[in-house]
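# Secondary and tertiary structure notes
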Amino acid sequence: MLEIKKINVSYGPLQVLFEISLDVKEGEIVCLAGRNGAGKTTLCKAIMGLLPISSGEVNLDGESLIKSPSHLIPRKGIALVPQGRRLFSELTVGENLEIGLMNQRDESSTLEWIFSLFPRLEERLNQVSSTLSGGEQQMLAMARALCLNPKVLILDEPTEGLQPSMVELIRTTTKQLVQKGVSILLVEQRFDAIIELSKRVVIIENGRNSMILDHASLVANPSVLKHELGV
């Protein structure tokens, strides 16, 4: 599905990612973890074409995306829910969703599916998004990305700053998406969420691959993850 091969990324003359590699297979959750500043968000942006990749490969279903302009990456089948949500705050819930649906032919069935995941959004269609709670804004950010019917969904710190009930809702929805065949690259710092959701965990440190752990290894030896994340 999604395959990252030894990519190198720089901000101007400063290199920040060094031959990072990972893969996300169809219908699985792979967690990208690491301490603050490790390069997790930079990797997400690079996958989406928002930062230039100096070398390496980004492939989706065997097709190289390395030369695709950023505005075409979502059409290829990858959607990003960025850290901090990045909604159009002055627009309503419905208007934010309309933007996500701009390239969607079957809007009605897509919205029906999204409202089955997030019924609260249907109740708040005419509410300005900046007036939503933090959890509701995260729902909307995910829903807007899902309007693309992506093959791969990248979630960058989706539970950050949310109350426990909303954290649980986001986790439940993530599991439902995987059951529908959506592949997920999850950037997460919460130890319990990583254990519960992830098929594998890719840990990066200082812009480099540090360790890859499968679920069985995580369950058998959780102290390794705690040590690597510094929690």
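Before reading on, note that the structure itself is shown above.
The present account deals with the structure reproduced in this document. Because the structure is predicted, anything quoted here is derived from the model rather than measured.

### As for a negative patch on the surface
Together, E90, E95, E98 and E107 make up a region of like negative charge exposed at the surface. Within the secondary structure, E90 is located in the loop between β6 (78–81) and α3 (93–100).

### What about the side chain of R144?
Here R144 shows up in helix α6 (residues 134–146). Buried and unpaired, R144 has no salt bridge, with E90 as the nearest side chain of opposite charge at 9.2 Å. Among the polar contacts made by the side chain of R144, one reaches the main-chain carbonyl oxygen of R86 at a distance of 3.0 Å. Those residues in contact with R144 that lie beyond four places of it in its chain are R85, R86, L87, F88, N96, L97 and G100.

### Brief notes about the nonpolar core
By size, the foremost hydrophobic cluster in this structure holds 34 residues, and its most contacted members are I114, F118, L121, L146, L153, L177 and I184. Secondary-structure elements contributing two or more residues to this core are β6, α3, α4 (107–117), α6, β7 (152–156), α7 (164–179) and β8 (183–187). Counting residues per element, this core draws most heavily on α6, which supplies seven residues. For F118, the residues in contact, after removing those within four places along its chain, are M139, M142, A143, L146 and T173.

### Some thoughts on a nonpolar patch on the surface
Taken together, F88, I99 and M102 make up a surface patch of nonpolar side chains, about 290 Å² in accessible area. Position of I99 among the secondary structure elements: in helix α3.

### Topic: the environment of E122
Its location among the elements puts E122 in helix α5 (residues 119–123). The class for E122 is partly exposed, based on a relative accessible area of 46%. Through-space distance from the C-alpha of E122 to that of G94 is 8.4 Å; in sequence the pair is 28 residues apart.

### Quick word on the sheet that holds strand β1 (residues 2–11)
With respect to topology, four strands assemble into an open sheet ordered β2-β1-β4-β5, the strand pairing being antiparallel. Each edge of the open sheet carries a strand with a single partner, namely β2 (14–24) and β5 (63–64). Note: strand β4 (residues 53–60) against β5, two bridges, orientation antiparallel. Counted as the bridge partner of L60 is E63 from β5. The strands that helix α1 (residues 40–47) touches are β1, β2 and β4; relative to β1, the one it contacts most, it runs at about 110°.

What counts, and at which threshold
Residues numbered from 1 in each chain as written. Predicted model: local features only at pLDDT ≥ 70, side-chain atom pairs only at ≥ 80, totals over all residues. Heavy atoms only, no water. Patch = residues over 30% accessible without salt bridge, like charges linked within 9 Å, V, L, I, M, F, W, Y side chains within 5 Å. Areas by Shrake-Rupley, 256 points an atom, 1.4 Å probe, with all protein chains shown as cover. Salt bridge = Lys/Arg side-chain N within 4 Å of Asp/Glu carboxyl O. Lys, Arg positive; Asp, Glu negative; His and termini not counted. Charge placed at Lys NZ, Arg CZ, Asp CG, Glu CD. Helix = DSSP H or I, 4+ residues; strand = E, 2+ residues; numbered from the N terminus. Buried < 20%, exposed > 50% of the residue type's maximum accessible area, 1.4 Å probe, protein only. Polar contact = N/O pair within 3.5 Å; in protein donor to acceptor, adjacent residues only side chain to side chain. Contact = heavy atoms within 4.5 Å. Core = buried A, V, L, I, M, F, W, Y, C linked by side-chain atoms within 4.5 Å. Pairing = 2+ DSSP bridges. Axes fitted to C-alpha atoms, helices over the stretch in contact; angles between N-to-C directions.

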